[in-house]
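Survey of secondary and tertiary structure
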Amino acid sequence: MLNLLQRTIIEGRLSCYVKKTKDFNPYEKSDVYDWEFKKEINRYIFKDSYRGFNPYAGVEVIIEKDSNKVVWICDYVGYVLDKCPIGANQVYDFLKEARAKHLVECNDDLFKDFTYEKELLKYKSIFELKATGVLEKTDIYYDKELIAQHIASWNCENMKMECYKI
């Protein structure tokens, strides 16, 4: 069974990034970043803030409501290569679709490597678990050629007990 912190990450991501469309934007304008999302989930507050489109950069944070203590943080960056034969919007739509599929189908292991393919597009996410955090590297290919990357570094308080099983 997924622990509470992993469920919070999954629910938070499904509620903001995955849910965002051209017609619906759950984010609000932000002073520090371009956009910010905040949602209370169980005993936590999940926040996602980002700036840019291509490239983009952002940070996700989970805070304990009672103590106001940051218990998890994820910094991320991503971009579509200039030589990409398809539009950046199409690549990011595929990225969102693949990440949603991973979040919904992770089978109690959010940090398990994941691959998803659709027509000529391929999404491949690799997780390196360390004692102090997680490094995630995601590559997107079009017709077997690298066209985009997403890199994230995750850290949380008491990582071994709260975030994943070692």
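Here the structure is a predicted model, which is why all the values come from computation and not from measurement. (Residues numbered from 1 in each chain as written. Predicted model: local features only at pLDDT ≥ 70, side-chain atom pairs only at ≥ 80, totals over all residues. Heavy atoms only, no water.)

A contiguous nonpolar surface patch, about 210 Å² in accessible area, is contributed by V77, L135 and I151. Taking the relative accessible area as the measure of exposure, V77 reaches 40% and is therefore partly exposed. (Patch = residues over 30% accessible without salt bridge, like charges linked within 9 Å, V, L, I, M, F, W, Y side chains within 5 Å. Areas by Shrake-Rupley, 256 points an atom, 1.4 Å probe, with all protein chains shown as cover. Salt bridge = Lys/Arg side-chain N within 4 Å of Asp/Glu carboxyl O. Buried < 20%, exposed > 50% of the residue type's maximum accessible area, 1.4 Å probe, protein only.)

So, on to the packing of aromatic side chains. As enumerated under the stated definition, the model contains twelve aromatic pairs in all. Arranged with centres 4.9 Å apart and planes meeting at 65 degrees, the rings of F111 and W154 form a pair that is edge-to-face. Of this pair, F111 sits in the loop between helix 2 (88-105) and strand 6 (114-118) while W154 is found in strand 9 (residues 145-156), placing the two residues 43 residues apart along the sequence. For the pair F111 and W154, one class covers both residues: buried. Joined through ring pairs, the aromatic side chains of Y27, F37, F46 and Y50 make up one cluster. Over the ring of W35 we find K20, and its NZ or CZ is 6.0 Å from the ring centre. (Phe/Tyr/Trp six-rings, centres within 6.5 Å; stacked < 30°, edge-to-face > 60°. Helix = DSSP H or I, 4+ residues; strand = E, 2+ residues; numbered from the N terminus. Lys NZ or Arg CZ within 6 Å of the ring centre and 35° of its normal.)

What follows is about the environment of E28. The residue E28 is located in strand 1 (residues 28-29) in this model. Each C-alpha atom, one on E28 and one on S49, is 9.3 Å from the other, the two residues being 21 residues apart in sequence. Sequence-distant contacts of E28, defined by excluding residues within four places in its chain, comprise D34, W35 and E36. (Contact = heavy atoms within 4.5 Å.)

Looking now at the pairing of strand 5 (residues 70-80). Looking at chain direction, strand 4 (residues 56-64) and strand 5 are connected through eight bridges and run antiparallel. In the sheet register, E60 faces strand 5, and the bridge partner there is C74. Hairpin remark: strand 4 followed by strand 5, antiparallel, with five residues in the connecting loop; positive phi at N68, about 60 degrees. (Pairing = 2+ DSSP bridges.)

Here the focus is helix 2. Between its terminal C-alpha atoms helix 2 stretches 25 Å, which fits the 26 Å expected from 18 residues at 1.5 Å a residue. Turning to helix 2, its buried residues are A88, V91, Y92, F94, L95, K96, A98, R99, A100, H102 and L103. (Expected span 1.5 Å × (residues − 1).)

Right, let's talk about unusual backbone geometry for a bit. For residues that are not glycine, phi is negative in most cases, and the peptide bond is trans in most cases. For the peptide bond that leads from N54 to P55, omega is 10 degrees, which places it in the cis range. In this fold, P55 is placed in the loop between strand 3 (44-52) and strand 4. Phi is positive for E119, close to 55 degrees, though the residue is something other than glycine. The residue E119 is located in the loop between strand 6 and strand 7 (121-130) in this model. Exposure remark for E119: the relative accessible area of 77% places this residue in the exposed category. The backbone phi angle of D143 is positive, close to 50 degrees, even though this residue is not glycine. Examined against the element boundaries, D143 turns out to sit in the loop between strand 8 (133-142) and strand 9. Look at D143 and you get partly exposed, because its relative accessible area is 47%.

Quick look at the environment of W35 now. Take W35: it is sitting in strand 2 (residues 35-41). Between the C-alpha atoms of W35 and Y50, which are 15 residues apart in sequence, the distance is 5.6 Å.

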